[in-house]
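Chain residues, written in single-letter form:
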6 protein chains.
Amino acid sequence: MSFLRPRRVAHAHCDLMCGVYHPAQARIEAESVRAIAQKYQDSDDDVFRQRCVIIKEKHAQLVKEHLWVLWTDYFKPPHVEAFPQLHDLFWRATKKAGDAKKSMDPAVGDELLGLIDEIAEIFAETQK
Amino acid sequence: MSFLRPRRVAHAHCDLMCGVYHPAQARIEAESVRAIAQKYQDSDDDVFRQRCVIIKEKHAQLVKEHLWVLWTDYFKPPHVEAFPQLHDLFWRATKKAGDAKKSMDPAVGDELLGLIDEIAEIFAETQK
Amino acid sequence: MSFLRPRRVAHAHCDLMCGVYHPAQARIEAESVRAIAQKYQDSDDDVFRQRCVIIKEKHAQLVKEHLWVLWTDYFKPPHVEAFPQLHDLFWRATKKAGDAKKSMDPAVGDELLGLIDEIAEIFAETQK
Amino acid sequence: MSFLRPRRVAHAHCDLMCGVYHPAQARIEAESVRAIAQKYQDSDDDVFRQRCVIIKEKHAQLVKEHLWVLWTDYFKPPHVEAFPQLHDLFWRATKKAGDAKKSMDPAVGDELLGLIDEIAEIFAETQK
Amino acid sequence: MSFLRPRRVAHAHCDLMCGVYHPAQARIEAESVRAIAQKYQDSDDDVFRQRCVIIKEKHAQLVKEHLWVLWTDYFKPPHVEAFPQLHDLFWRATKKAGDAKKSMDPAVGDELLGLIDEIAEIFAETQK
Amino acid sequence: MSFLRPRRVAHAHCDLMCGVYHPAQARIEAESVRAIAQKYQDSDDDVFRQRCVIIKEKHAQLVKEHLWVLWTDYFKPPHVEAFPQLHDLFWRATKKAGDAKKSMDPAVGDELLGLIDEIAEIFAETQK
């Protein structure tokens, strides 16, 4: 059960006060985005494919929201000094989530997951 | 980065189609609920404490929603046969999330986390 | 005006405190779900049919949410003892609401309405 | 079970297409608003009373939203000709829902319920 | 920067208390509605056009919500006396926003913008 | 009516496709935030002040959301080259919106409005 009792969960003072942040929230939504694009490709049912478009739109939006919260609320000025690529990385990741709304290509979902992993690595560094 | 590339992420057919479920979503929100109750206890600032009440309400609601989705969408009849306590466990866990709205005692958050861990153990069994 | 002044409206202690619950909320949404599936069948306009898919998705989701709240917040352990089928009935009803997202067949809406009626009968029993 | 199989449920063409409208949705939320104001009066627990303020705010907002949808989407120009008080009645009812956010007096909830009943009577007339 | 420091921003007592209202909120959403309908017409990509339907639905809903808030919360009885067309104008404008969900014709968006401009003129009069 | 027919409204290709963006959306919400903090200071009514805390929380959240959308969806790499302070400015502005949730001091609202004005000036430059 180590996955569900992560020692790495953040405990920082923030405007939501709770101090609990984790890139896993964005990643789980991005996994959905990627999986839906694949299911769209594997189907030839019109209604099913329309629902893929609708539902992928929502999960890609949740990716954006989780990333924005992480960027604004978790990271502090010393983090930005230590990781000067931080702003641009979040900008590209949230833009990529926007691309993943537009595209039904699972490869865009993979690129999105790659950017979230980069963020997660920095996050893990700040938790040490 | 093993936390963020969990092999145990579910890939099941579901009404949302994406097949990605994970008890971590409920757990992260429950961590917030518990942390906010503690911060409430540690503060004597009126506005801060009122915001604790408001924000804990939202995160406890998110716990409920993530658990409900997991219960209805991820679990299938064979799971209920294998784990006959499943329905009651989810019922008690979502009721506990309701208790955690009412109470400012971090112990209620701990009980909620305990029930989510029980669900996560069953979930992990079904992923083998 | 008896419909709008129901004596049978529940007044129980709950985590939302208000004590007002009623299966009519889920039923009205399920009526929408059923009606939209029919309108989809009766139309051959592409945009209209796409909007049917989008809007049915939302109402079916509201069915789920109203049922989940009823299950977790209104019903208490003595109810489950008296009506041992309760958990399974709610599980099947919320799963059926998921099916009603997927299907454009009004018959699925009818099945959903049937399950909500079963819940409403139990609810009415508990109000006596 | 006549309550849950209302013959009076509206089936009109509307921008949501489903044609299912009912003043019961606003009324159930207004019942909550009234009940919460009463519970606030009956309690002397600070956190409980703060939660009353938070949750009443939400239910009063739902009253407004259900009424606005009914006004804009269900009623048609011939209804307004037949019931010239319609616009003003909805305006006063939604304003009263606003008052019910501000006030912890259950009497405001009663006034709100009274206005919703006036709307429901007109609605019932249009269903004949 | 005069656009962003409008002297005409309303400061009235209201159930949201903040006193800040402005028809610009509805207008910006209606601009989106109109622009999306045009982009739909200019495209022959299936997924893109489906997304137009989905997203226009949301912005047209936001138009309705901003207008409803303005109608119920900003305007007061003396305004209705001075501008007796007010109720009907808001009713037609919110109905037009409903039409703009149904139609992919940019002309409907133009009509919606026209009605919002009529509201804005009255609003400006009340701010003098 | 020049305010409501701004020539400066953005028409860019974006993941929402509509191309309509405007800092006025964030500014109107920030005006609310500031006004609510002032009303809190001017009142000694407990329920009124609790509602100020609740409602300011929501409007400050809307400020964040409008700013995040503007940052990710409107601005493009050439803008960041021309305005290298852009990322940091949005980061500080959204953090300030978080501060404005915590504080009941209208001065924090003023600082937030100042940062939104800086963003609006850059936005106006990009519209020329």
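Residues numbered from 1 in each chain as written. Chains lettered and ligands numbered in written order. Predicted model: local features only at pLDDT ≥ 70, side-chain atom pairs only at ≥ 80, totals over all residues. Heavy atoms only, no water.

> What is the right way to look at the overall build of chain A in this model?
The helix and strand tally for chain A stands at 5 helices and 0 strands. Listing each helix as α and each strand as β along chain A from the N terminus yields α-α-α-α-α. Residues classed as buried in chain A amount to 66% of the 128 residues present. Nonlocal contacts in chain A, meaning residues at least 24 apart in sequence, comprise 71% of its contacts between residues at least 6 apart. With the model as given, the accessible surface of chain A reaches about 4900 Å², and the carbon-plus-sulfur share is 50%. (Helix = DSSP H or I, 4+ residues; strand = E, 2+ residues; numbered from the N terminus. Buried < 20%, exposed > 50% of the residue type's maximum accessible area, 1.4 Å probe, protein only. Contact = heavy atoms within 4.5 Å. Areas by Shrake-Rupley, 256 points an atom, 1.4 Å probe, with all protein chains shown as cover.)

> So what exactly am I meant to see when it comes to a negative patch on the surface here?
Taken together, the side chains of A:Asp44, A:Asp45, A:Asp46, C:Asp44, C:Asp45, C:Asp46, E:Asp44, E:Asp45 and E:Asp46 present a region of like negative charge at the surface. Note on placement: C:Asp45 falls in the loop between α1 (24–42) and α2 (46–74). A relative accessible area of 41% means that C:Asp45 is categorised as partly exposed. (Patch = residues over 30% accessible without salt bridge, like charges linked within 9 Å, V, L, I, M, F, W, Y side chains within 5 Å. Salt bridge = Lys/Arg side-chain N within 4 Å of Asp/Glu carboxyl O. Lys, Arg positive; Asp, Glu negative; His and termini not counted. Charge placed at Lys NZ, Arg CZ, Asp CG, Glu CD.)

> Help me understand the interface of chain A and chain C in this model?
A common way to report how large an interface is uses the accessible area buried once the components associate. The interface of chain A with chain C comprises 5 residues on the first partner and 8 residues on the second. Here chain A and chain C share an interface that buries about 630 Å² over both sides, 64% of which is from carbon and sulfur atoms. Run the count over chain A and chain C and you get 1 salt bridge. Residue composition of the side of chain A that touches chain C, grouped by class: 3 nonpolar, 1 polar and 1 charged. (Buried area = accessible area lost by both parts, 1.4 Å probe. Nonpolar A, V, L, I, M, F, W, Y, C, P; charged D, E, K, R; others polar.)

> I tried to follow helix α4 (residues 86–102) of chain D on my own but got confused; where do I start?
In an α-helix, one full turn covers 3.6 residues, which means residues spaced three or four apart are oriented alike. Given a rise of 1.5 Å per residue, 17 residues ought to cover 24 Å, and the 25 Å separating the end C-alpha atoms of α4(D) matches this to within 8%. A large share of α4(D) lies buried, amounting to 13 of its 17 residues. (Expected span 1.5 Å × (residues − 1).)

> What's the story with the packing of helix α4 (residues 86–102) of chain B against α2(C) in this structure? I'm lost.
Geometrically, a packed helix pair is captured by the angle between its two axes and the distance between the axes. Put simply, α4(B) and α2(C) touch, their axes get as near as 9 Å, and they point 80 degrees apart. Between α4(B) and α2(C), the crossing angle belongs to the class labelled roughly perpendicular. For the pair formed by α4(B) and α2(C), the contact residues are B:His87, B:Phe90, B:Trp91, B:Thr94 and B:Lys95 on the first element and C:Trp71, C:Thr72 and C:Asp73 on the second. (Axes fitted to C-alpha atoms, helices over the stretch in contact; angles between N-to-C directions. Parallel < 35°, antiparallel > 145°, perpendicular 65-115°, else oblique.)

> I tried to follow the packing of aromatic side chains on my own but got confused; where do I start?
What describes a pair of aromatic rings is the distance from one ring centre to the other and the angle between the planes of the rings. Residue and element names in this part refer to chain A. This structure, assessed with the given rule, holds 30 aromatic pairs over all chains. With centroids separated by 5.6 Å and ring planes inclined at 65 degrees, the aromatic side chains of Phe-75 and Phe-90 adopt a geometry described as edge-to-face. Linking Phe-75 in the loop between α2 (46–74) and α3 (77–82) with Phe-90 in helix α4 (residues 86–102), this pair joins segments that are 15 residues apart in sequence. Considered together, Phe-75 and Phe-90 belong to a single accessibility category, that of buried residues. Here the aromatic cluster, defined as three or more aromatic residues joined through ring pairs, consists of Tyr-21, Tyr-74, Phe-75, Phe-90 and Phe-123. (Phe/Tyr/Trp six-rings, centres within 6.5 Å; stacked < 30°, edge-to-face > 60°.)

> Please explain the confidence of the model for chain A as it appears in this structure.
Low pLDDT means the predicted atomic positions in that stretch should not be read closely. Here chain A shows a mean pLDDT of 89. Residues at 70 or above account for 86%. Here residues 1–14 of chain A is modelled with pLDDT under 50, and outside its nearest four sequence neighbours on either side it reaches 40 contacts, counting other chains as well. (pLDDT = per-residue confidence, 0-100.)

> Hey, could you run me through the relation of the copies chain A and chain C in this one?
Superposition of the two copies of the chain requires a rotation about an axis together with a shift along that axis. It takes a turn of 120 degrees to lay chain A on chain C, together with a shift of 0.0 Å along the axis; the resulting RMSD is 0.0 Å. Put plainly, the chains are arranged around a three-fold axis. (Least-squares fit on C-alpha atoms with pLDDT ≥ 70 in both.)

> Where do I start with the side chain of C:Thr94 in this structure?
Note on placement: C:Thr94 falls in helix α4 (residues 86–102). Taking relative accessible area as the criterion, C:Thr94 reaches 0% and is therefore assigned buried. Among all residues touching C:Thr94, those that are not within four sequence positions of it are B:Trp71, B:Thr72, C:Lys64, C:Leu67 and C:Trp68.

> I'm lost on the environment of D:Tyr40 in this one. Help?
Mapped onto the elements, D:Tyr40 comes out in helix α1 (residues 24–42). D:Tyr40 gets classed as buried once you look at its relative accessible area, which sits at 9%. Sequence-wise, D:Tyr40 and D:Lys56 are 16 residues apart; in three dimensions their C-alpha atoms are separated by 9.9 Å. When sequence neighbours within four positions are dropped, the list of residues in contact with D:Tyr40 reads D:Arg49, D:Cys52, D:Val53, D:Met104 and F:Val47.

> For this particular structure, what's the right way to read the pattern of salt bridges?
Pairs can form between side chains of opposite charge once their charged atoms are near each other. Residue and element names in this part refer to chain B. Counted according to the given criterion, the structure contains 54 salt bridges over all chains. Here Glu-125 ties to Lys-128 by a salt bridge, and the two come within 2.8 Å at their closest N and O atoms. For Glu-125, a relative accessible area of 40% corresponds to the partly exposed category. Take Lys-128: its relative accessible area is 76%, and that puts it in the exposed class.

> In this structure, what is going on with α2(C)? I would like to understand it.
Taking 1.5 Å as the rise per residue, α2(C) with 29 residues should run 42 Å; its terminal C-alpha atoms sit 41 Å apart, in good agreement. Where α2(C) begins, one side-chain oxygen reaches toward the backbone nitrogen of C:Val47, 3.1 Å away; that side chain belongs to C:Asp45. (Polar contact = N/O pair within 3.5 Å; in protein donor to acceptor, adjacent residues only side chain to side chain.)

> What am I meant to see in the packing of α1(D) against helix α2 (residues 46–74) of chain D here?
Residues and elements named next belong to chain D. As a packed pair, α1 and α2 sit with axes 8 Å apart at the nearest point and diverge in direction by 160 degrees. When the axes of α1 and α2 are compared, the pair comes out roughly antiparallel. Considering the relative orientation of α1 and α2, their crossing is left-handed. Contact residues: α1 offers Gln-25, Ala-26, Glu-29, Ala-30, Ser-32, Val-33, Ile-36, Ala-37, Lys-39 and Tyr-40, while α2 offers Phe-48, Arg-49, Cys-52, Val-53, Ile-55, Lys-56, His-59, Ala-60, Leu-62, Val-63, His-66 and Leu-67. The residue makeup of the contact of α1 with α2, split by class, is 14 nonpolar, 4 polar and 4 charged. (Left-handed = near helix turned anticlockwise from the far one by under 90°.)

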